[in-house]
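Each chain, letter by letter, is given below.
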Amino acid sequence: MLTSAYFISTFTDIFGIWVLFDRFKIIQGWTLEELALIYGIMHMGFAIAEGAARGFDSFSLMIKHGDFDRVLLRPLGSLFQIASREIQLMRLGRFIQGLVILLWGSQKLQLPLFSMETVIITLAFIGTTSLFYGLFVVQATLSFWTTETLEIMNITTYGGLEAGQYPMSIFNKIFKGFFTFIIPLACVAYYPLAILLQHKALPLWLGILFPLSGIVFLYLACQLWKIGVRRYHSTGS
């Protein structure tokens, strides 16, 4: 029931975008069908990351209550234990909604199922999931220094989702540069699809490489987690 409710409630996002395109038809050269690909990938990737990273989202409470000390006494790695502590299956509602929009956009654009286009879309989904999961890991890691999870990180997670479902070309250079070189949100979905749909005159093989930045970001987030664990000195009594 929660999954169904989440599936229905998330349609308000695409409804707002539909109203926008109903008024302006094309935004920075992108049609609604093309934007549906970005939207679907973003929401599918975020749904998997959000559902699987709930343990990191509430990690600051473990630090304050001293529960992380018990984690360090167990033989398994701390990163794995926190990652598997809680899984929210209701987030599949957002995933299914994103998948429906993605399939609709692909059908309207007549993209073949077994093709390079499918490979790029699949890699973009993997890269987006990795990036958002890495952001949740970074958010939790900051608790080693701040105790509280910084709410400003929501700008990069939930705010990143809102920004990432639109073409990055509509934003100013500073904003676009931040989400390209600091947090590679534009690299995991926008640039691959812009190349795929010929909005960018770049080689197709770059559309395959760009999503890998999300995996690299997740790897760096895990390394930052290890630094935070080494810095941890327990909460005391």
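Look a little higher up for the structure.
Nothing here was measured: the structure is a model prediction, and the numbers come from that model.

A.B. asks: I keep staring at the overall build of the protein and nothing clicks. Help me out?
C.D. replies: Along the protein, the regular secondary structure elements total 15 helices and zero strands. Computed over its C-alpha atoms, the radius of gyration of the protein comes to 19 Å, within 12% of the 18 Å expected for a compact globule of 237 residues. Dimensions of the protein, computed from C-alpha atoms along their principal axes, come out at roughly 60 × 40 × 35 Å. The burial tally for the protein puts 47% of its 237 residues in the buried class. Intrachain contacts of the protein at a sequence separation of at least 6 include 76% that bridge at least 24 residues. A total accessible area of about 12,000 Å² is found for the protein, and carbon and sulfur atoms account for 68% of it.

A.B. asks: I keep staring at the packing of aromatic side chains and nothing clicks. Help me out?
C.D. replies: Taken as a whole, this structure holds 21 aromatic pairs when the rule is applied. Judged by centre distance (5.0 Å) and plane angle (90°), the rings of F46 and F132 are edge-to-face. In this pair, F46 is assigned in helix 3 (residues 32-52) and F132 in helix 9 (residues 116-141), connecting sequence segments 86 residues apart. The exposure class assigned to F132 is buried, which follows from its relative accessible area of 0%. The ring of F24 carries R23 above its face, with NZ or CZ at 5.1 Å from the centroid.

A.B. asks: Quick question: what am I supposed to make of the nonpolar core here?
C.D. replies: Most often, soluble globular proteins have nonpolar side chains that are buried together. Of all hydrophobic cores here, the largest spans 62 residues; its most connected members are F56, F59, F68 and W225. In terms of residues, this core owes the most to one element, helix 3, which gives 12 residues. Every residue in contact with F59, bar those within four places of it in the chain, is listed here: F68, I82, R85, A140, S143, F144 and W225.

A.B. asks: What should I look at first to understand helix 3 in this one?
C.D. replies: Helical geometry: 3.6 residues make up each α-helical turn, so side chains three or four residues apart lie on a common side. Between the first and last C-alpha of helix 3 there are 30 Å, a value that for 21 residues agrees with the 30 Å anticipated at 1.5 Å per step. Across the 21 residues of helix 3, 18 count as buried, placing the element largely inside the fold.

A.B. asks: So what exactly am I meant to see when it comes to a nonpolar patch on the surface here?
C.D. replies: A surface patch of nonpolar side chains, about 490 Å² in accessible area, is lined by I48, I87, L89, L92, I96 and V100. Of all the elements, helix 8 (residues 92-109) adds the most residues to the nonpolar patch, at three residues. I96 gets classed as partly exposed once you look at its relative accessible area, which sits at 39%.

A.B. asks: Could you clarify how one ought to interpret the side chain of S78 in this entry?
C.D. replies: As for its placement among the helices and strands, S78 is situated in helix 7 (residues 78-83). Not counting residues within four places of it along the chain, the set of residues in contact with S78 comprises F68, V71, L72, W225 and V229.

About the cut-offs
Residues numbered from 1 in each chain as written. Predicted model: local features only at pLDDT ≥ 70, side-chain atom pairs only at ≥ 80, totals over all residues. Heavy atoms only, no water. Helix = DSSP H or I, 4+ residues; strand = E, 2+ residues; numbered from the N terminus. Rg over C-alpha atoms; globule rule 2.2 N^0.38 Å. Buried < 20%, exposed > 50% of the residue type's maximum accessible area, 1.4 Å probe, protein only. Contact = heavy atoms within 4.5 Å. Areas by Shrake-Rupley, 256 points an atom, 1.4 Å probe, with all protein chains shown as cover. Phe/Tyr/Trp six-rings, centres within 6.5 Å; stacked < 30°, edge-to-face > 60°. Lys NZ or Arg CZ within 6 Å of the ring centre and 35° of its normal. Core = buried A, V, L, I, M, F, W, Y, C linked by side-chain atoms within 4.5 Å. Expected span 1.5 Å × (residues − 1). Patch = residues over 30% accessible without salt bridge, like charges linked within 9 Å, V, L, I, M, F, W, Y side chains within 5 Å. Salt bridge = Lys/Arg side-chain N within 4 Å of Asp/Glu carboxyl O.

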